[in-house]
Amino acid sequence: MAFEVPPLPYGYNALEPHIDEQTMHLHHDKHHQAYVDNLNKALEKHADWQKKSVGEILRNINSIPEDVRTAVRNNGGGHYNHSMFWKIMKPQGGGEPTGKIAEVIKELGGLAAFQEKFNDAGVKRFGSGWAWLVRTKAGKFEITSTANQDCPLMDGNFPIMGNDVWEHAYYLKYQNRRAEYLKAWWNVVNWDEINKRLEEASRG
Ligand code: MN3
């Protein structure tokens, strides 16, 4: 069974005006599809790895055969990160966090401080990458960022939520104004889904 791009859980225009329809089409149908195609291609001759989940592959990235490790890192990371990304957004999202994630955010200084730190991680990520809230292997919550399509799972940390700061995620609407995109993104955040990921992280 080859890896597949999951369908968007809402319409392509559902996140307007914060994320525009054309960006969603290109981002989901072209960029994510390319990561999946290239991941499948990289694992073509490695049938044992094709059976694993992409999360399992990323947690064991250093055991991936060396000839395809970089391709799997980039494209497996791209597949996992984007599969999460579509789900942690929704139309009419945002607002105050609910459930357990509200407690975590309170511990991190409250919503305004949390958003500021998270956005700062995104703005300061040079080039392409992601801003994250992770649960570290030691059980701590940290705001961080990664380069390219690297995923916190590769370091044994669990990605609770992440925002894509590659130019393809925002350039059509926001051009070079990454900070503006990061701010607007909070209007489409899906706290219910983030709570599910938090639960998954706690289960270990
Ligand atoms: Mn992307």
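What you see is a predicted model, and the numbers here were worked out from it, not measured in a lab.

Moving on, we get to the coordination of the manganese ion. At the metal site, the manganese ion is ligated by His27 (NE2), His82 (NE2), Asp164 (OD) and His168 (NE2), and these contacts range over 1.9 to 2.1 Å. Counting gaps between the donor residues of the manganese ion yields the pattern H-x54-H-x81-D-x3-H. One end of the pair, His27, is in helix H1 (residues 21–42); the other, His82, is in helix H4 (residues 66–87), and 55 residues separate them in sequence.

Quick look at unusual backbone geometry now. In the segment running from Glu16 into Pro17, the intervening peptide bond is cis, with an omega of 0°. Positionally, Pro17 belongs in the segment before H1. A positive phi is found at Gln92, a non-glycine position, where the angle reads about 50°. Inspection of the secondary structure puts Gln92 in the loop between H4 and helix H5 (99–107). Positive phi values are uncommon outside glycine, yet Gln175 reaches one of about 50°. The topology assignment puts Gln175 in the loop between helix H7 (171–174) and helix H8 (178–185).

With that out of the way, let us pick up the sheet that holds strand S2 (residues 141–147). Taken in spatial order, the 3 strands line up as S2-S1-S3 in an open sheet, and their pairing is antiparallel. Each of the sheet's edge strands pairs with one partner strand only, and the pair in question is S2 and strand S3 (158–164). Neighbour to neighbour, the strand axes of the sheet diverge by 25° on average, direction disregarded. Pairing analysis gives 6 bridges linking strand S1 (residues 129–135) to S3, with the strands arranged antiparallel. In the sheet register, Val134 faces S3, and the bridge partner there is Pro159.

Among all positions of H8, only Arg178, Tyr181, Leu182, Ala184 and Trp185 are buried. Relative to the axis of H8, the buried residues are bounded by an arc of 165° and lie together on one face.

By the assigned domains, the chain splits into domain 1 (21–87) and domain 2 (100–202). On the domain 2 side, the residues contacting the 20 residues of domain 1 number 22 residues. Buried surface at the junction of domain 1 and domain 2, both sides included, amounts to about 1,800 Å², of which 60% is carbon and sulfur. Its largest share of buried area at the contact with domain 2, domain 1 owes to Asn81, Met84 and Phe85, together 29% of the area lost on that side. Along the contact surface separating domain 1 from domain 2 lie 2 salt bridges. Among the ionic pairs, Glu193 bridges to Lys87, the shortest N-O distance being 3.9 Å. If you look at where domain 1 meets domain 2, you find 9 residue pairs in polar contact (both at pLDDT 80 or more).

Criteria and thresholds
The numbering scheme is per chain: residues are counted from 1 as the chain's sequence reads. Only residues with pLDDT of at least 70 get local features here, since the model is predicted, and only at 80 or more are side-chain atom pairs given and counted; chain-wide, interface and lining totals rely on the full set of residues. Side-chain metrics rest on all non-hydrogen atoms present in the structure, leaving aside hydrogens and water. Donors, by definition, are the N, O and S atoms found within 2.8 Å of a metal, the threshold being 3.2 Å for Na, K and Ca, and water is not counted, so a site can look incomplete. Each helix is a run of DSSP H or I of at least 4 residues and each strand a run of E of at least 2, with the numbering of both proceeding from the N terminus. Any two strands are treated as partners once DSSP identifies two or more bridges connecting them. Interaxial angle, 0 to 180 degrees, is taken between N-to-C directions of lines fitted to C-alpha atoms, where a helix line uses only the stretch in contact. Buried residues are those whose accessible area, probed at 1.4 Å on protein chains only, stays under 20% of the maximum for their type, while exposed residues exceed 50% and partly exposed ones sit between those limits. An arc is given here, and it is the one of the directions from the helix axis to the C-beta atoms. The split into domains, and so the bounds of each, comes from an automatic or database assignment of domains. Contacts are residue-level and defined by heavy atoms, with any inter-residue pair within 4.5 Å sufficient. Buried area adds together the accessible area that both of two parts lose upon being put together, with accessible area traced by a 1.4 Å probe. Think of a salt bridge as a Lys or Arg side-chain nitrogen and an Asp or Glu carboxyl oxygen that are within 4 Å of each other. Nitrogen and oxygen atoms within 3.5 Å of one another constitute a polar contact, given that in protein one can donate a hydrogen and the other can accept it, and given that sequence-neighbouring residues count only through two side-chain atoms.

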